[in-house]
Amino acid sequence: MSPAPHLSLARRLDGVSESATLKLNSTIQAMKAKGIDVIGFTVGEPDFAVPPAAKEAVRKALDADKSKYTPSPGIPELREAVASKTNAQQPALAKTQPWKPADVIVTNGGKQALFNAFLALLNPGDEVLIPGPYWLSYPEMVKIAGGIPKFIAAPFSQGFKITPAQLKGALGPKVKALILNSPSNPTGAMYSRAELEALGQVLLSEPGAEGVWVISDEIYDRIVYNDRGDLPFCSFLDAVPALRERTITVNGMSKSAAMTGWRIGWSVAPKLVTDGMNTLQGQSTSGINSLAQWASVAALKLPESDFSSQLESYRRRRDLCLEILKKAPKIDLFQPQGAFYAFLGVGKHLRGGEDSMGFAERLLEGAKVAVVPGSPFGEPEFIRISFATDEKTIREGCERIVSFLAGE
Ligand code: PLP
């Protein structure tokens, strides 16, 4: 039935797409429900158990009735723990201008921190620089907030990174913010400290760049392979402390502690923007689930060593994935340096007029392997494979992809 002509939705939804990954996940669930043997490589979600300390903290919080409204920006204990974590990742800055609990807002996942940031910063028509391939929600969030996404190409040939010259060339009077995401979803690429410094230098020295904010999405900070010992995680502000007053660091529990469903993320930012984001949060969600906040306090107190077996497991899975996919003919294979995705170039396998969307459909149909097409990530000739799953599934799924490509 078509809707009555006088009913309509807000124009802000025009041109905003629904999340391609969430949509694909429901297709796979439906196929599985019909008994089809489908391998799902689409979910951006760690398959590890939640740390027992987090579960225990929830039980305790519940027994102590700590389940009322919390302060809108989060419970002081969690804001304190987040400030300490951030200071530990930005040691140079921590000596002179450490982040304080008041600089932290706890949000409904990292996603809401990003959403709040765009709503707080953007006026209609403001541009946001987004290196592409990008996490698919960035442009949609920018559009909802009234902004205009402006893409900077970070192709395979550049290791999926932008250069300082490209950043300089993309600046302009309407540019309000730059998004950085290292390690990256969907590519697994990472910027080195020197590369971040060089990008930061452009924002510090270019005339007209004084009003450009940086939103640094560091949600994959703990999943870093550092294969040769020269690419450890580097927080943007540790590389460019001089941009402290213009940077919003976003992070959360979803990827680092396998706590996706708890919906705990945060922003760490200077007062001007924190105050704005806090007003938005106070008038929208009122704050975040109290029990999940207590769980996060406990998880943030765990030593790094508690997570090293997860990292080693991701490394084995990544290596297995690469070892098998290497056998596929005519593909571009990038070795992820962080996160848990392999981004695979299938341009030479695309049929006339087809993009990765069509390819992914053929792969699902022909090999019963579900991957996310690169198109919604801004890279139409690539597909994304999430290797946050067990080795048996990775082996079977990657072998199926190789056979499928060989039969093309
Ligand atoms: N940023 C990136 C790059 C992501 O991949 C994700 C999740 O997939 C998020 C942010 C948001 O994560 P969450 O809202 O679960 O904290």
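Scroll up to find the structure this text is about.
Report follows, based on the coordinates. (Residues numbered from 1 in each chain as written. Predicted model: local features only at pLDDT ≥ 70, side-chain atom pairs only at ≥ 80, totals over all residues. Heavy atoms only, no water.)

For the structure shown, the criterion picks out 15 aromatic pairs. Aromatic pair Tyr 314 and Phe 340: ring centres 5.4 Å apart, planes at 25°, arrangement stacked. Of this pair, Tyr 314 sits in helix 12 (residues 308-325) while Phe 340 sits in the loop between strand 9 (332-333) and strand 10 (341-345), and the two are 26 residues apart along the sequence. The exposure class assigned to Tyr 314 is buried, which follows from its relative accessible area of 1%. Accessibility expressed as a relative area gives 0% for Phe 340, which makes it buried. Ring geometry for Phe 359 versus Phe 404: centroids 6.0 Å apart, planes at 80°, classification edge-to-face. One end of the pair, Phe 359, is in helix 13 (residues 356-367); the other, Phe 404, is in helix 14 (residues 391-406), with 45 residues separating them in the sequence. For Phe 359, a relative accessible area of 1% puts it in the buried group. By relative accessible area, which is 15% here, Phe 404 ends up buried. Connected via pairs of aromatic rings, a cluster forms that spans Phe 156, Phe 160, Phe 334, Phe 343, Phe 377 and Phe 382. Sitting over the ring of Tyr 225, Arg 318 keeps its end group 4.5 Å from the ring centre. (Phe/Tyr/Trp six-rings, centres within 6.5 Å; stacked < 30°, edge-to-face > 60°. Helix = DSSP H or I, 4+ residues; strand = E, 2+ residues; numbered from the N terminus. Buried < 20%, exposed > 50% of the residue type's maximum accessible area, 1.4 Å probe, protein only. Lys NZ or Arg CZ within 6 Å of the ring centre and 35° of its normal.)

Think of a ball as big as a water molecule: rolled over the atoms, this probe shows where empty space is left. Roughly 580 Å³ of internal volume is contained in the largest pocket. If you go around the largest pocket, you meet 28 residues; those closest to its centre are Leu 22, Gly 44, Lys 111, Trp 135 and Lys 255. Broken down by secondary-structure element, the contributors of at least two residues to the lining of the largest pocket are helix 1 (20-33) and helix 5 (109-121). Among the elements that line the lining of the largest pocket, the one with the most residues is helix 5, at four residues. (1 Å grid on protein atoms, 1.4 Å probe; cavity = no way out; pocket = protein on both sides within 12 Å on 5 of 7 lines; lining within 4 Å. Points joined across faces, edges and corners; volume = space filled by probe spheres on them.)

In this structure the tally under the stated criterion is 22 salt bridges. The partner of Lys 168 in a salt bridge is Glu 206, with the nearest N and O atoms 3.8 Å apart. With Lys 168 in helix 7 (residues 164-170) and Glu 206 in the loop between helix 8 (193-205) and strand 6 (213-217), the pair connects residues that are 38 residues apart, well separated along the chain. According to the relative accessible area criterion, Lys 168 is partly exposed, its value standing at 46%. One network of salt bridges, with partners in common, ties together Asp 227, Glu 312, Arg 315, Arg 318 and Asp 319. (Salt bridge = Lys/Arg side-chain N within 4 Å of Asp/Glu carboxyl O.)

So, about the sheet that holds strand 8 (residues 264-268). Paired through backbone hydrogen bonds, the strands of a sheet run either parallel or antiparallel to each other. With respect to topology, seven strands assemble into an open sheet ordered 2-8-7-6-5-3-4, the strand pairing being mixed. Two strands lie at the open edges of the sheet, namely strand 2 (104-108) and strand 4 (148-153), each paired on one side alone. Here the strands of the sheet are splayed against their neighbours by 25° on average, with no regard to which way each runs. Against the sheet, helix 5 touches strand 2, strand 3 (127-132), strand 5 (175-181), strand 6, strand 7 (247-252) and strand 8, its axis set at about 115° to strand 2. (Pairing = 2+ DSSP bridges. Axes fitted to C-alpha atoms, helices over the stretch in contact; angles between N-to-C directions. Contact = heavy atoms within 4.5 Å.)

For the rest of this paragraph, the subject is unusual backbone geometry. Residues apart from glycine generally show negative phi values, whereas peptide bonds are mostly found in trans. Pro 133 follows Gly 132 through a cis peptide bond whose omega is 15°. Examined against the element boundaries, Pro 133 turns out to sit in the loop between strand 3 and helix 6 (137-144). Of note, the amide linkage connecting Ser 182 to Pro 183 takes the cis form, showing an omega dihedral of -5°. Not every positive phi belongs to a glycine, and Asn 226 is a case in point at roughly 45°. One non-glycine residue, Ala 258, lies in positive phi territory at about 55°.

The full set close to the ligand counts 13 residues, and Gly 110, Asn 185, Asp 217, Ser 254 and Lys 255 are the nearest of them. In this structure, an oxygen atom belonging to the ligand sits 2.7 Å away from a side-chain N or O atom of Asn 185. Expressed as a share of its isolated accessible area of 390 Å², the protein-covered part of the ligand is 92%. Per-element tally for the shell around the ligand: the top contributor is helix 5, with three residues. Here the shell around the ligand is composed, by residue class, of four nonpolar, five polar and four charged. (Near = heavy atom within 4 Å. Polar contact = N/O pair within 3.5 Å; in protein donor to acceptor, adjacent residues only side chain to side chain. Areas by Shrake-Rupley, 256 points an atom, 1.4 Å probe, with all protein chains shown as cover. Nonpolar A, V, L, I, M, F, W, Y, C, P; charged D, E, K, R; others polar.)

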